[in-house]
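Architecture at a glance
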Amino acid sequence: MGKAVRRVFVEKKEGFTVEADILYKELKEVLGIKGLQGVKIVNRYDIEGISDEVYEKARNTIFAEPPVDNVYDEDYAIPEGYKLVAVEYLPGQYDQKADATALCIQLFAVGRKPEVRCAKYILLEGDISPEEFEKIKNYCINPLEAREAVLAKPETLELQEEYPEEVGGIDAFTAMNKEELKSLHEKMGLAMTLADLEYIQDYFRSEDRDPTITEIRVLDTYWSDHCRHTTFLTELDNISFQEGFYKPVMEETSKRYLESREKLYDRQEKPVSLMDIATIGMKELRKKGLLADLDESDEINACSIKIKVDVDGKEEDWLLMFKNETHNHPTEIEPFGGAATCLGGAIRDPLSGRSYVYQAMRITGSADPRTPVSETLPGKLPQRKITTGAAWGYSSYGNQIGLTAGQVAEIYHENYVAKRMELGAVIAAAPAENVVRKKPGKGDVIVLLGGRTGRDGCGGATGSSREQDEES
């Protein structure tokens, strides 16, 4: 098995340069680069851990297709008159192209999965000023996920980071005063409030021990809006309504809500919150016995109801599940990944409920994607980049899963300029007899299975709770 890093460049032949042609049109029409005369795109692959024989076989089967691609070994000469923008994902950022390439080689060679790194060379032809060149780089590189690629070939592709064998604790945490806690809060970049951290400190004082860093990170993640919807659970002490057309309707709705709380004797101690307002109707219906078809379990993953299904003339008991997921902020700052994992998050919950996900819906809210890039709000991506990148991310995930999108609605309105809406919803089903639910018991073995933790790491979801500004 070869250990040396190999490099191969792949470029589409004339007539097949779809990606380059689209980018050329965007740079001309959207960015207004009038002097641009042409765009080439070349994909660069660095591979480590394969033999000469495997490389020769993979060269024109996995990396490239001879009828449509030109392949260059080890080096690619930049044509005269072209400027280069080289882009690669940040270390630790998931690269689907690199991962898929490595898996294909592993299947092809029936051996160990090799290391693969990818980069994209964007070659620009024409009279482009330094200012325009920077403008193009800013348009093509989202600094949250990518950077300018290093051109020199590395000696090895193995990650150089050293991972600690054991995660340590926070010494003297229970003895810290408020100023020391505030300093720790800032140093760790926690999304929870200082009051939350003080509450945690009181708990560990009762345990008579200091917490580990992992425990603090897990609590920070679990208490974030992304996981616990803390905004919706905020206790509402005083509710008032501004004068306006909807005031009578809002007051009547509030009155009906408070009346429902009176009927549900077990909810008097529950604080008034947006979450309570949203769910109290279903609670009241269940108390009246009008939700007999609701499938109840300790697993709160997706809404699940019991239905009868005609299967080849025979009536069977099935479970039908529904789930929606919003990924507004993640999609706004990382369009492809945010929209892809919006659908992925919706799929995850009914899937973990032992059902088969078979249909999806997507609803988005965006400002006008035709808005000139020059009018982009400071600190934000252009509306066009968000809209097209999100559509690509959602469809990419759905197509790989094999999920049909029965409804796709894109809403364009100026009120989405500062905050995008990205919503994915799915329907799933399974024969009731196939769904077996049990509780874990003492002595059970837990297996954690998955890939390497990415750049987000533990706490990647806490950004939704952190106060955002142009520097965050």
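The structure reproduced in this document is the subject of the present report. (Residues numbered from 1 in each chain as written. Predicted model: local features only at pLDDT ≥ 70, side-chain atom pairs only at ≥ 80, totals over all residues. Heavy atoms only, no water.)

1. Some thoughts on the overall build of the chain
Test applied: Only DSSP runs of H or I reaching four residues or more are called helices, and only runs of E reaching two or more are called strands; each is numbered from the N terminus. Partly exposed describes any residue whose relative accessible area lies between the buried limit of under 20% and the exposed limit of over 50%, with all areas from a 1.4 Å probe on protein chains only and scaled to the type maximum. Computed with the Shrake-Rupley method and a 1.4 Å probe, the accessible areas treat only the protein chains shown as cover for residues. In this tally, Asp and Glu contribute negative charge and Lys and Arg positive charge; neither His nor the terminal groups of the chain are included. A charged residue contributes its charge at one atom only: NZ of Lys, CZ of Arg, CG of Asp or CD of Glu.
Looking only at helices and strands, one finds 13 helices and 11 strands in the chain. Judged by the C-alpha coordinates and their principal axes, the chain covers about 80 × 70 × 60 Å. Burial analysis of the chain (472 residues in total) assigns 35% to the buried set. Accessible surface, the chain as shown: approximately 29300 Å² in total, 53% of it carbon and sulfur. With 60 positive and 84 negative side-chain charges, the chain shows a separation of 3 Å between the mean positions of the two kinds.

2. Digging into the sheet that holds strand E3 (residues 69-73)
Note the cut-off: We treat two strands as partners when DSSP finds at least two bridges between them. For helices, the fitted axis covers only the stretch in contact; all axes are lines through C-alpha atoms, and the angles between them, taken along N-to-C directions, range from 0 to 180 degrees. Two residues form a contact once any of their heavy atoms are found within 4.5 Å.
Pairing within the open sheet is antiparallel, and its 6 strands lie in the order E3-E1-E2-E5-E4-E6. The outermost strands of the open sheet, each flanked by one partner alone, are E3 and strand E6 (146-148). Neighbour-to-neighbour, the strand axes of this sheet turn through a mean angle of 25°, independent of strand direction. Bridge count for strand E4 (residues 82-89) against E6 is 3 bridges, and the pairing is antiparallel. Residue pairing for E6: glutamate 88 is matched across the bridge by arginine 147. Its contacts with the sheet place helix H2 (residues 52-63) against strand E1 (6-12), strand E2 (36-48) and E3, and it is angled at close to 20° to E1. Across the sheet, helix H3 (residues 96-109) is in contact with E2 and strand E5 (115-126); its angle to E5 comes to roughly 130°.

3. Re the sheet that holds strand E11 (residues 421-431)
Paired through backbone hydrogen bonds, the strands of a sheet run either parallel or antiparallel to each other. In space, the 5 strands of this open sheet follow the order E7-E8-E11-E9-E10, with mixed pairing throughout. Of all strands in the sheet, those bounded by a partner on one side alone are strand E7 (303-311) and strand E10 (404-412). Recorded for the sheet is a direction-independent mean angle of 20° between the axes of neighbouring strands. Two elements, strand E9 (residues 356-366) and E11, share 9 bridges in a ladder whose sense is antiparallel. Its bridge partner lying in E11, threonine 364 is registered against glutamate 422.

4. Details of the nonpolar core
Put simply, the rule reads: As used in this record, nonpolar core signifies buried Ala, Val, Leu, Ile, Met, Phe, Trp, Tyr and Cys residues forming a set joined through side-chain atoms within 4.5 Å.
In this structure, Leu27, Val39, Ile122, Leu124 and Ile136 are the most contacted members of the largest nonpolar core, which totals 20 residues. For this core, the secondary structure elements donating two or more residues are helix H1 (18-29), E2, E4, E5 and helix H4 (130-140). By residue number, the principal contributor to this core is H4, which donates 4 residues.

5. Structural notes on the packing of aromatic side chains
Put simply, the rule is: Ring pairs shown here join Phe, Tyr and Trp side chains whose ring centres sit within 6.5 Å, with only the six-membered ring taken for Trp; geometry is labelled stacked below 30 degrees between planes, edge-to-face above 60, and tilted in between. Geometrically, a lysine NZ or arginine CZ counts as sitting over a ring once it is within 6 Å of the ring centre and also within 35 degrees of the ring normal.
What the rule picks out here adds up to 9 aromatic pairs. An angle of 35° between the planes, with centres 5.9 Å apart, marks the rings of phenylalanine 9 and tyrosine 76 as tilted. With phenylalanine 9 in strand E1 and tyrosine 76 in the loop between E3 and E4, the pair connects residues that are 67 residues apart, well separated along the chain. Each member of the pair phenylalanine 9 and tyrosine 76 is classed as buried. Members of the aromatic cluster, each reached through a chain of ring pairs, are Phe9, Tyr72, Tyr76 and Tyr121. The residue whose ring lies beneath lysine 385 is tyrosine 139, and the NZ or CZ to ring-centre distance is 4.6 Å.

6. Focus: the environment of alanine 86
As for its position among the elements, alanine 86 is in strand E4. Between the alpha carbons of alanine 86 and arginine 147 there is a distance of 8.4 Å; along the sequence they are 61 residues apart. For alanine 86, the contacting residues outside a window of four places in its chain are Lys120, Tyr121, Arg147, Glu148, Ala149 and Leu151.

7. Some thoughts on a nonpolar patch on the surface
The following threshold applies: Only residues whose relative accessible area exceeds 30% and that take part in no salt bridge are eligible for patches, with like-charged residues grouped when within 9 Å of each other and nonpolar side chains (Val, Leu, Ile, Met, Phe, Trp, Tyr) grouped when within 5 Å. Any Lys or Arg side-chain nitrogen located within 4 Å of an Asp or Glu carboxyl oxygen qualifies as a salt bridge.
Among the surface-exposed residues, Phe232, Ile239, Leu274 and Ile277 lie close enough to one another that they form a single nonpolar patch of about 320 Å² accessible area. Residue position: isoleucine 277 is located in helix H10 (residues 274-287).

Functional significance is not addressed by these values, which are geometric in nature.
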